[in-house]
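The residues making up each chain are set out below.
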Amino acid sequence: MEIFKGHMGMDLKPINSGGTLLRNGPGLFSVGNSEYNHWFDGLSLIHSFTFSNGEVTYRSKFLKSDTYKRNIKANKIVVSEFGTMIYPDPCKNIFSRAFTHLQNVISDFTDNNLINIIRYGQDYYASSEVNYINQIDPNTLETIGRKNYRNHIALNLATAHPHYDEEGNTYNMGTAIIGFGQPKYMIFKVPADASDKNHKKSALRKVQQICSVPFRSSLFPSYFHSFGMTENYIVFVEQPFKLDIVKLATAYFRGVNWGGCLKFDQDDMTFFHIINRKTGKEISTCFHADALVVFHHINAYEDDGHVVFDLISYKDSNLYNMFYLENIKKETSNFIQSHKSFSPPSCQRFVIPLNINKESPRGSNLVTLTDTTAQAILQEDGSIYCQPDTLFIGLELPGINYKFNAKKYRYFYGSRLEWSPHPNKIAKFDIVERKHVEWVQKDCYPSEPVFVASPGAVEEDDGVILSSIVSADPSISPFMLVLDAKTFKEIARASIPTTVHMDLHGLFIPAADSS
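Computed from a predicted model, the values in this text were never measured in an experiment.

> For this particular structure, what's the right way to read the environment of valine 213?
With respect to the secondary-structure elements, valine 213 resides in strand S15 (residues 208-214). C-alpha of valine 213 to C-alpha of phenylalanine 236: the two residues are 23 residues apart in sequence and 9.6 Å apart in space. Setting aside residues no more than four positions away along its own chain, valine 213 makes contact with Lys184, Tyr185, His273, Ile275 and Glu282.

> Help me understand the pairing of strand S23 (residues 306-314) in this model?
It is a general feature of regular strands that their side chains alternate between the two faces of the sheet. The buried fraction of S23 is high, at nine of nine residues. Side chains His306, Val308, Asp310, Ile312 and Tyr314 of S23 all project onto a buried face; the interleaved residues Val307, Phe309, Leu311 and Ser313 project onto the opposite face, where all are buried too. Sheet topology places strand S22 (residues 293-302) next to S23; eight bridges connect them, and they run antiparallel. Its bridge partner being in S23, glutamate 302 is matched across the sheet by valine 307. Here S22 hands over to S23 after three residues, with aspartate 304 in that stretch at a positive phi of 50°.

> Where do I start with the state of the cysteines in this structure?
Disulfides are covalent bonds that connect the sulfur atoms of two cysteines. Counted under the stated rule, the structure contains zero disulfides. A disulfide-free cysteine, cysteine 386 has its sulfur positioned 9.1 Å from the sulfur of cysteine 286, the nearest such atom.

> Sorry, what's going on with helix H1 (residues 66-74) here?
Note: α-helices contain 3.6 residues per turn, so residues at a spacing of three or four share the same orientation. Taken together, the buried positions of H1 are Thr67, Tyr68 and Asn71. Looking straight down H1, one finds that the buried residues subtend no more than 100° of arc, so they occupy a single side. For H1, exposure combined with an orientation more than 90 degrees from the buried face picks out Arg70 and Lys73. Where the residues of H1 are buried, they touch strand S3 (30-31), strand S5 (43-52) and strand S6 (55-62). Count one or two residues on from H1 and you reach asparagine 75, which has phi positive near 55°.

> What should I look at first to understand the side chain of asparagine 172 in this one?
Within the secondary structure layout, asparagine 172 lies in strand S13 (residues 170-176). At a separation of 2.5 Å, a polar atom in the side chain of asparagine 172 contacts the side chain of threonine 159. Setting aside anything within four residues of it in sequence, one finds asparagine 172 in contact with Tyr120, Tyr149, Thr159, His161, Pro162, Met186, Ile187, Phe188 and Phe227.

> Before we go on, may I ask you to explain the nonpolar core in this structure?
Across soluble globular proteins, nonpolar side chains have a tendency to be buried as a group. Phe272, Phe309 and Phe412 are the most contacted members of the largest nonpolar core, which has 74 residues in total. Contacts of phenylalanine 272, omitting those with residues within four sequence positions, involve Phe236, Val237, Phe287, Ala289, Phe309, Phe350, Ile352 and Cys386.

> Before we go on, may I ask you to explain the sheet that holds strand S25 (residues 375-378) in this structure?
Two modes of strand pairing occur in sheets, parallel and antiparallel, and in both the strands are linked by backbone hydrogen bonds. Reading across the sheet, the six strands line up as S16-S17-S20-S21-S26-S25 and stay open at both edges, with mixed pairing between neighbours. Each end of this open sheet is capped by a strand with a single partner; those strands are strand S16 (228-229) and S25.

> Sorry, what's going on with the pairing of strand S8 (residues 123-127) here?
The buried fraction of S8 amounts to five of the five residues, a majority that puts the element mostly inside the structure. Burial of the side chains of S8 extends over both faces: Asp123, Tyr125 and Ser127 are buried on one face and Tyr124 and Ala126 on the other. Pairing geometry for strand S7 (residues 116-120) and S8, over five bridges, is antiparallel. The residue bridging isoleucine 117 from the neighbouring strand is alanine 126, located in S8. Between S7 and S8, which pair antiparallel in sequence order, lie two residues; one of them, glycine 121, sits at a positive phi of approximately 60°. Here S8 runs beside strand S9 (residues 132-136); their pairing, made up of four bridges, is antiparallel. The partner of alanine 126 across the bridge, within S9, is asparagine 134. In this antiparallel pair of consecutive strands, S8 and S9, the connection spans four residues.

Here is what the cut-offs are and how they apply
- Residues numbered from 1 in each chain as written.
- Predicted model: local features only at pLDDT ≥ 70, side-chain atom pairs only at ≥ 80, totals over all residues.
- Heavy atoms only, no water.
- Helix = DSSP H or I, 4+ residues; strand = E, 2+ residues; numbered from the N terminus.
- Contact = heavy atoms within 4.5 Å.
- Buried < 20%, exposed > 50% of the residue type's maximum accessible area, 1.4 Å probe, protein only.
- Pairing = 2+ DSSP bridges.
- Disulfide = S-S within 2.5 Å.
- Arc of directions from axis to C-beta.
- Polar contact = N/O pair within 3.5 Å; in protein donor to acceptor, adjacent residues only side chain to side chain.
- Core = buried A, V, L, I, M, F, W, Y, C linked by side-chain atoms within 4.5 Å.

Listed below in structure tokens is the structure:
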């Protein structure tokens, strides 16, 4: 573990009372003489930035997953990841090789949870998108132990982007593919009081299934990285970016990595499922849109008989390919040249009418809101064809003031993506004015911006934005950046005199919650 302290240089009201920003992402890309192929394969490195009395303390520690332990013990990569498939040593005897092949007929996924830090009850977990999560101590970053969703609820995969309601309950989605009856998407809830006071029992033991949604195609379920939530509804986007189940089951023998089992069907449609999160019942109307790929939802809310949801979409699935390490290592000019067809992320608003008059003329727009150009067109067969309102182009890793999650809101923040997968700016977007402001510094690359509200704040943008910054310039040390969320002006930074890796996601824990 590395521990460093830095001074913020001034009194910062939103983080005066203290708190810890936890971050997760890939941090080790080779073990011994073996190397990973993809950036999403790297072994999880957890960072923390603890704020107290004008100082920030930086810690980092590798997640001690079973995958990490096995790789380090063998001094080489022995567990397959998203973009790197591992095969048995040809020097092993024939029985050992046969057993290894047999184990891979049905994949037992890695527990290298490198995507996010999530909360169930009062416990914190490193999470990816598989059936394993690893509990961590948010103060020391020690790995407490691995948990398996399958021991508590029937699913093979689960997202690393749950939602939290005002009572502290956690909502999440998963997929049941193999071994649990009919394949289906699962929506579940973990109550706020699920934690064991002695931390000996898993918070997942109190998991509650809200509902399930059957696959449109048993062999090609939709991939999903996140979902939306309003006061009363779950918004699930069943996109034509699909997981090929047969290919997944045979990937090991075909010499295909797990990433190669995803495919985008540009000729299919996107379907929107609107599910009451209290009753588990789905609205029966078929809502659909043109083919798109979505990883991140921004926010969702209800407004005058409509469900409004904002997400970041792509016209294809090429984003994953850009993160193969051989692509990332290219010189900037070569990278731009080889990825001219890169589909930029588009922040789009969709609107779903809840009260549908079946007597409405076919071809009419059922959206009556006046602050959006999004449409919901009634089709001859009674289905609704949804057309988005494009808010902004070129932003990813979105964040909001989470007190406005599931509510009507005005601002979102994110990392600007213009010519590569590396964000080089932070932006704040005003939905009402349709304007944005940016923070940028030459040769500097920011992490996902995180909003922290001022104590007792009423206004939505009363707070600060936190982002850890790394630089291609060796004379600039990594630093924690603090921006005034209202003006987007820099108000403080603290240098970190050690190597800091680019990360993916995380969350801020107020001091009172992490003790």
